[in-house]
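In case you want the letters, here they are:
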Amino acid sequence: VFFHSFLNTSAEIMQFADRSFFRDWWNAPNLEVFWKTWNLPVHRWCVRHVYKPMLATGFSKSVAMSSVFLLSALLHEYLISVPLRMFHLGVALGMLAQIPLVHLSRCLEQKFGARIGNMMVWGSLIIGQPLIIMMYYHDYVIQNYGQQIESWIESETCQC
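A brief look at the structure comes next. (Residues numbered from 1 in each chain as written. Predicted model: local features only at pLDDT ≥ 70, side-chain atom pairs only at ≥ 80, totals over all residues. Heavy atoms only, no water.)

### A look at the packing of helix α4 (residues 61-84) against helix α6 (residues 98-112)
Going by this rule: Note on definitions: angles span 0 to 180 degrees between N-to-C directions of axes, and those axes are lines fitted to C-alpha atoms, for helices only across the stretch in contact. Only DSSP runs of H or I reaching four residues or more are called helices, and only runs of E reaching two or more are called strands; each is numbered from the N terminus. If an angle is under 35 degrees, it is roughly parallel; if it is over 145, roughly antiparallel; if it lies from 65 to 115, roughly perpendicular; otherwise it is oblique. Residues are treated as being in contact if the distance between any of their heavy atoms lies within 4.5 Å. In this count, Pro and Cys sit with the nonpolar residues alongside Ala, Val, Leu, Ile, Met, Phe, Trp and Tyr, while Asp, Glu, Lys and Arg are called charged and the others, Gly among them, polar.
Packing of α4 against α6 leaves a shortest axis separation of 10 Å and a crossing angle of 130°. By the angle class used here, α4 and α6 are oblique. Each of Met65, Ser66 and Phe69 in α4 lies in contact with α6, whose residues at this interface are Gln98, Ile99, Val102 and His103. A per-class count over the contact of α4 with α6 returns four nonpolar, three polar and no charged.

### Examining the nonpolar core
The condition that has to hold: Nonpolar cores are built from buried Ala, Val, Leu, Ile, Met, Phe, Trp, Tyr and Cys residues. Side-chain atoms within 4.5 Å join them into one set. Any residue under 20% of the maximum accessible area for its type is buried, any over 50% is exposed, and the rest in between are partly exposed; the area is computed with a 1.4 Å probe on protein chains only.
Among the nonpolar cores identified, the biggest contains 17 residues, and Leu31, Phe34, Trp35, Phe69, Met95, Val102 and Val121 are the most heavily contacted of them. Elements with a contribution of two residues or more to this core: α2 (31-37), α4, α5 (90-96), α6 and α7 (114-156). The greatest single-element share of this core, amounting to four residues, is contributed by α7. Here phenylalanine 69 is in contact with Trp35, Met95, Leu96, Gln98, Ile99 and Val102, once residues within four sequence places are set aside. In this structure, Cys46, Val50, Met54 and Ala64 belong to the second largest nonpolar core, which totals five residues.

### Let's talk about the pattern of salt bridges
Applied cut-off: Whenever a carboxyl oxygen of Asp or Glu lies within 4 Å of a side-chain nitrogen of Lys or Arg, that contact is scored as a salt bridge.
Counting across every chain of the model gives two salt bridges. When the shortest N-O distance is used, the salt bridge between glutamate 32 and lysine 36 registers 3.4 Å. On the criterion of helical spacing, the pair formed by glutamate 32 and lysine 36 is a turn pair, its members being four residues apart in helix α2. With relative accessibility at 23%, the residue glutamate 32 sits in the partly exposed group. Overall, the relative accessible area of 38% leaves lysine 36 in the partly exposed class. The residue arginine 106 makes a salt bridge to glutamate 32 at a minimum N-O spacing of 2.9 Å. Taken together, the residues span a long stretch of sequence, with arginine 106 in helix α6 and glutamate 32 in helix α2 at a distance of 74 residues. Here the salt bridges do not stand alone but share partners, grouping Glu32, Lys36 and Arg106 into one network.

### Some points on α4
Note the cut-off: To estimate how far a helix should extend, the number of its residues minus one is multiplied by 1.5 Å.
Here α4 spans 35 Å end to end across 24 residues, near enough to the 34 Å set by a 1.5 Å rise per residue. Considered for burial, the residues of α4 that qualify are Ala64, Met65, Val68, Phe69, Ser72, Ala73, Glu77 and Ser81. On its buried side, α4 packs onto α2, α3 (40-56), α5, α6 and α7. Once α4 ends, the next one or two residues include arginine 85, with phi positive near 55°.

### Considerations on the environment of valine 50
Structurally, valine 50 can be placed in helix α3. Exposure remark for valine 50: the relative accessible area of 13% places this residue in the buried category. Leaving out residues up to four positions away in the same chain, valine 50 has contacts with Trp45, Val68 and Leu71.

So, in structure tokens, the structure goes:
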């Protein structure tokens, strides 16, 4: 509720007419539908400025979709790497892993039904994103507090 209210308040302040920020992504039958419904302004921008121009110049749908994911992966990596002052590629690889998972979830949906595809969407959300966050947290702690942790461990171990 707070997120939705924040988006609508921001849209009102900026006089943004289209108030459709997301659809029911939580019911997505596969990852392709999830990526099309969870962030509509970003999805529409990517379709308008990357996907359709690539199709118009003769690229295949698969190449255009992969290019959108690559652009998104690089932007997400940048948004994480700059504040943490570390370059890790975890977010980028996680985003790029979505490309084969989109195809796999679509096949699973066709073979076993929408419920299995939705389970894959939720599995990706529950396992993938927290795993990447934990990897970044681990590396951030080691990079910034590694020496302190190491010296603390040495001081606490028994010198028998």
